[in-house]
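# Structural description and commentary
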Amino acid sequence: TLQIVTPGSNTSLIQPGFSLLHFGSHVFYLGQKGWPKRSCPTGVFLLDLKNNDLKLRPTTFTNDSCYLPPLRHPAVCSFSASQGGEITQYLIHGGKTPNNEISHKLYLMTMVFTVNKRFSLCCTEKDLAGDVPEARYGHSMNVVFSRGKTAVVMFGGRSYMPLNQRTTENWNNVIDCEQLVYLIDLQFGCSTSFNLRELQDGLSFHVSLARNDTIYIFGGHSLGNNFRPPNVYKIKVDLPLGSPAVSCTVINSKLSFSSSIVTQTSPDEFVIVGGYESDSQKRLICNGVFLDDETIDIQEIETPDWTGEIKHSKTWFGADMGKGAVLFGIPVDNKHQSTDCSFFFYVLNFGDNDPALQTCSQGSTEEQEDSMPLEDSEEFTFNRDGNIFDEDT
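Residues numbered from 1 in each chain as written. Predicted model: local features only at pLDDT ≥ 70, side-chain atom pairs only at ≥ 80, totals over all residues. Heavy atoms only, no water.

- Per an unreviewed UniProt entry, the protein goes by the name V(D)J recombination-activating protein 2 and belongs to Xenopus ruwenzoriensis.
- The UniProt entry for the protein carries the following comment under Subcellular location (unreviewed entry): "Nucleus".
- UniProt, in its Sequence similarities (unreviewed entry) section for the protein, records the words "Belongs to the RAG2 family." (UniProt positions renumbered as here; feature names shortened; annotations may be inferred.)

What follows is the structure, encoded as structure tokens:
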């Protein structure tokens, strides 16, 4: 099902490159436009979707939390204590800040409940040692389980040119990161890199799926040769008592895309939606991916009845809400510029659940923010001769 939603409180903070974290029935938004204001310094919001009304509500953090900047296009993955268990933690790495600086930090996000059943988020920074991944965005992270142990696998992304190669003219130019696979031990913070000959290019904005000890990488874009590979890369991780082993197998596929969104509809079934087939061509078909212990099956599935605005829009963006639902937006055209929000928002649902039941607020105590919308920080708005320049400019 495809349903347009009405933007409400604080939805003007939504921008391309955002991420969604889902703990049970709670969905949190990360990646707000601009820096947080002092009235709401966290930059993470509870996504409240009721009766097709979309609102972002401020979220509290525990006193021992570190600061988490608003990050666009970070690598985000969920972590559970047991295989297939309930999500207990999220890992967030890299991403771009509103100043277009690229982060190299790894954050751990946990949800904490108090005695009266209210909740807060706890964010901590994890230090890494060994082969530490450079600052990047547009990459992926996944958790694998092997021989009773877990590890985090990181791959791909883009970063700025090395400082010794940067000049005034190319200072903001980005390049593909090396085609290394990083294996991170979360317990000890040790990172090890692997150079697999099957991975010839550094890819960004790809899709990655994990099952047990195996990760599948689909699509993505290589800046070096402006290429979207049609292959699926199957990366297998073995975690014995000694040194870990990582291998890669190339599976031929006809899928070639970048910037797609993946949502999980059952333990072994996923849906890939959205993205681009080329720089100027949106990808309007959807694919179901079915995994078992050794094989992968990719099928084209029934597409939603896309609206005219979606079909004719040149760009779109979004993120996984969990349980088979995706939130995405398209730019508002010139005829609708009088609206407060710059985007139309839709919820695309492949699951059996009503997406409106997946999110909830903390109760009436949070309603106070409706009367005082939070906006971008004025400190980062430049005004000259009455012209407002956007943040990237």
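And the narrative resumes.
### Things to note about the overall build of the protein
- Counting its secondary structure elements, the protein contains 1 helix and 31 strands.
- When each of the 393 residues of the protein is scored for burial, the buried share is 50%.
- For the protein, contacts bridging at least 24 residues in sequence account for 56% of all contacts bridging at least 6.
- Carbon and sulfur atoms make up 49% of the accessible area of the protein, which totals about 19000 Å². (Helix = DSSP H or I, 4+ residues; strand = E, 2+ residues; numbered from the N terminus. Buried < 20%, exposed > 50% of the residue type's maximum accessible area, 1.4 Å probe, protein only. Contact = heavy atoms within 4.5 Å. Areas by Shrake-Rupley, 256 points an atom, 1.4 Å probe, with all protein chains shown as cover.)

### Some details on the sheet that holds strand S18 (residues 214-218)
- Pairing within the open sheet is antiparallel, and its 4 strands lie in the order S17-S18-S19-S20. Strands at the two margins of the open sheet, each flanked by one partner only, are strand S17 (207-211) and strand S20 (245-251). Strand-to-strand, the axes of this sheet are offset by a mean angle of 20°, without reference to chain direction.
- Pairing between S18 and strand S19 (residues 232-238): 5 bridges, direction antiparallel. Considered in S19, the bridge of Tyr 216 is made with Lys 234. (Pairing = 2+ DSSP bridges. Axes fitted to C-alpha atoms, helices over the stretch in contact; angles between N-to-C directions.)

### Focus on the pattern of salt bridges
- Considering all chains together, one arrives at 10 salt bridges under this definition.
- Between Arg 197 and Glu 198 there is a salt bridge, with its nearest N and O atoms 3.9 Å apart.
- Measuring nitrogen to oxygen at the nearest pair gives 3.7 Å for the salt bridge that ties Lys 234 to Glu 294. Of the two residues, Lys 234 is situated in strand S19 and Glu 294 in the loop between strand S25 (286-291) and strand S26 (296-301); the sequence distance between them amounts to 60 residues.
- The exposure class of Lys 234 is buried, given its relative accessible area of 13%.
- What you see here is one network of salt bridges that share partners, running through Arg 211, Asp 268 and Asp 293. (Salt bridge = Lys/Arg side-chain N within 4 Å of Asp/Glu carboxyl O.)

### Topic: the nonpolar core
- Leu 20, Leu 327 and Phe 345 are the most contacted members of the largest nonpolar core, which totals 22 residues.
- Sorting the residues of this core by element identifies strand S3 (26-30), strand S4 (44-50), strand S5 (53-58), strand S27 (317-322), strand S28 (325-331) and strand S29 (343-349) as the ones contributing at least two each.
- Setting aside residues no more than four positions away along its own chain, Leu 327 makes contact with Phe 18, Leu 20, Leu 47, Leu 54, Phe 317, Gly 318, Ala 319, Met 321, Phe 345, Tyr 346 and Val 347.
- Ranked by size, the runner-up nonpolar core spans 18 residues in total, among them Val 144, Leu 199, Leu 203 and Leu 239. (Core = buried A, V, L, I, M, F, W, Y, C linked by side-chain atoms within 4.5 Å.)

### A short note on the environment of Asp 48
- Considering the arrangement of structural elements, one finds Asp 48 in strand S4.
- A relative accessible area of 2% places Asp 48 in the buried class.
- Residues Asp 48 and Ser 9 lie 39 residues apart in sequence; the distance between their C-alpha atoms is 9.6 Å.
- Side-chain polar atoms of Asp 48 contact the side chain of Arg 57, separated by 2.7 Å. (Polar contact = N/O pair within 3.5 Å; in protein donor to acceptor, adjacent residues only side chain to side chain.)

### Some details on the pairing of strand S22 (residues 269-273)
- Most of S22 is tucked away: 4 of the 5 residues are buried.
- In terms of strand pairing, strand S21 (residues 261-266) meets S22 through 5 bridges, oriented antiparallel. Bridge pairing links Thr 263 to Val 271 in S22.
- The loop that links S21 with its antiparallel partner S22 comprises 2 residues.
- Sheet topology places S22 next to S25; 4 bridges connect them, and they run antiparallel. Looking at the pairing, Phe 270 lines up with Val 289 of S25.

### Section: the side chain of Ser 65
- For Ser 65, the location among the structural elements is in the loop between S5 and strand S6 (75-80).
- Looking at Ser 65, the relative accessible area reads 18%, which means it is buried.
- Sequence-distant contacts of Ser 65, that is, excluding residues within four places in its chain, are made with Leu 121, Cys 122 and Cys 123.

### Digging into the confidence of the model for the protein
- In the predicted model, the protein carries a mean pLDDT of 86, and the fraction of residues at 70 or more is 87%.
- Of the regions scoring below 50 in pLDDT, residues 356-393 engages in 68 contacts with residues more than four places distant in sequence or in other chains. (pLDDT = per-residue confidence, 0-100.)

### Points about the sheet that holds strand S8 (residues 106-113)
- In space, the 4 strands of this open sheet follow the order S6-S7-S8-S9, with antiparallel pairing throughout. Each edge of the sheet is formed by a strand with only one pairing partner; in this case those strands are S6 and strand S9 (119-126). Within this sheet the neighbouring strands show an average axis-to-axis angle of 25°, counted without direction.
- Bridge count for S8 against S9 is 8 bridges, and the pairing is antiparallel. Looking at S9, one finds that Leu 106 is bridged to Lys 126.

### A few points about the side chain of Asn 170
- Mapped onto the secondary structure, Asn 170 falls in the loop between strand S13 (158-160) and strand S14 (174-176).
- Here the side chain of Asn 170 touches Gln 165 through a polar contact of 3.4 Å, landing on its backbone oxygen.
- If we skip the residues at most four places from it in the chain, Asn 170 touches Met 161 and Gln 165.

### Structural notes on unusual backbone geometry
- Residues other than glycine seldom take positive phi values, yet Asn 52 does so here, at roughly 65°.
- With respect to the secondary-structure elements, Asn 52 resides in the loop between S4 and S5.
- Here the phi dihedral of His 73 falls at roughly 55°; this positive angle occurs in a residue that is not glycine.
- The residue His 73 is located in the loop between S5 and S6 in this model.

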